[in-house]
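# Reading the structure
The primary structure of each chain is shown beneath.
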Amino acid sequence: MLPKQLHCLLFVVIAGGIIIFWLVSTPASLRRTDVLTVTPWLAPIVWEGTFDPQVIDEAFRSYNLTIATTVFAVGKYTRFLRDFLESAEKHFMVGLNVQYYVFTDMPSHVPITVTLGVGRRLNVVKVPKFDRWQEISLRRMELIQTAIEEYIHQRANYIFCLDVDMIFHGRVGPEALGKLVAAIHPWFYWVPRNEYPYERRTISKAYIPQDHGDFYYQANIFGGAVEDVHRLTKTCREHLEMDKSAGVEAVWQEESHLNWYLWKNKPTKLLSPEYVWDDLRGQGAKEIKLVRFSSVIKNKAEVRENP
Ligand code: UDP
Ligand code: MN
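Structure report, in brief.

About the cut-offs
Residues numbered from 1 in each chain as written. Chains lettered and ligands numbered in written order. Predicted model: local features only at pLDDT ≥ 70, side-chain atom pairs only at ≥ 80, totals over all residues. Helix = DSSP H or I, 4+ residues; strand = E, 2+ residues; numbered from the N terminus. Buried ≥ 20, exposed ≤ 12 C-beta atoms within 10 Å, placed from the backbone. Contact = placed C-beta atoms within 7 Å. Pairing = 2+ DSSP bridges. Core = buried A, V, L, I, M, F, W, Y, C linked by C-beta atoms within 7 Å. Near = placed C-beta within 6 Å. Nonpolar A, V, L, I, M, F, W, Y, C, P; charged D, E, K, R; others polar.

When helices and strands are counted, the protein chain shows 7 helices and 11 strands. Buried positions account for 36% of the 307 residues belonging to the protein chain. Taking as baseline every contact in the protein chain between residues at least 6 positions apart, the subset at least 24 positions apart corresponds to 75%.

Okay, structure coming up:
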């Protein structure tokens, strides 16, 4: 080979190497251009590829944080607890202190044999059985509010409130922590906001007018600093009760009130639908690089007390 051609080849190899190195080492946040990664009020939206898990874990290690995690398992929903807890032990806030609070009417059905990691504890809280599943939704806000006031505020820095009919499949770590955190609903992130299923009747305290609101959040996961979540649950509870006295039930019960609250009080961090996927949607969406936490497919008529 002639020396000139050799130089050219060498140049191409070195230039190619530099480009590949640049692509690999560039901060991940620069690589997601296919999805919205920040809100109009400058809160981050967490997607795979927008953060470095190792850097996040390292940054949070020294804080020795405790995360309270509430989950309701009333009636037949205790059947979801084992998979929920076992998968949480693999993926949820691994390396941090986690206090689970399982609210149930049947403490003997709680799978206490699930092996928990160091610094993690399961607390069972007995609650009455409610007649209608809509009532369970309603009482969740109240029970979380009083639990925060009575003991969680002394024991935890952050709190997450989760549905039980879900399984963790991927990391949900300290990248999800923030003052007020909510997740974008997996069925509504591409939908124009006038089509969000917000409560549209003015009689309800959850009313959001057309052309208002930011995102449609799913109530299956929300959280934040204990004080902020306390304010959220207290307000939602008050609004749920006002609605009840007025003889109205918001279209999606506490999810409607949560959406109202987050419209008036902007979350400081949003979780992408990776953090609240739905098995019914399958794996097809190309923007979902990693399903982290997903609703299992359930027979609603069979597990719920009333249709
Ligand atoms: N739930 C419960 N028992 C019931 C109905 C609901 O414990 O009979 C709790 C449970 O934590 C569940 C949450 O309330 O995950 C929300 O209800 P569901 O999952 O049925 O609502 P969806 O996610 O289908 O809207
Ligand atoms: Mn659910």
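Here we take up the pairing of strand E8 (residues 217-225). With 8 of its 9 residues buried, E8 lies for the most part within the structure. Summarising the sheet, strand E5 (residues 158-162) and E8 pair through 5 bridges and their orientation is antiparallel. Within E8, the position partnered with Ile 159 by the bridge is Gly 224. Pairing of strand E7 (residues 180-184) with E8, which is carried by 5 bridges, proceeds in the antiparallel orientation. Looking across to E8, one finds that Ala 183 is bridged to Gln 218.

Within the largest apolar cluster, 70 residues are counted, with the highest numbers of intra-cluster contacts made by Ile 159, Ile 221 and Leu 271. When residues in this core are grouped by element, the largest group, 7 residues, is from helix H4 (residues 133-155). Discounting chain neighbours no more than four positions away, the residues touching Leu 271 are Val 46, Ala 176, Val 181, Ala 183, Ile 221 and Val 276.

Take the site of ligand 1 next. Residues in contact with ligand 1 amount to 14 residues; listed here are only the nearest, Phe 72, Val 74, Tyr 77, Asp 163 and Val 164. Residue assignment for the shell around ligand 1 shows that the elements contributing at least two residues are strand E2 (66-73) and H4. Here the residues of the shell around ligand 1 sort into 7 nonpolar, 3 polar and 4 charged.

Function cannot be inferred from these measures alone, as they are strictly geometric.
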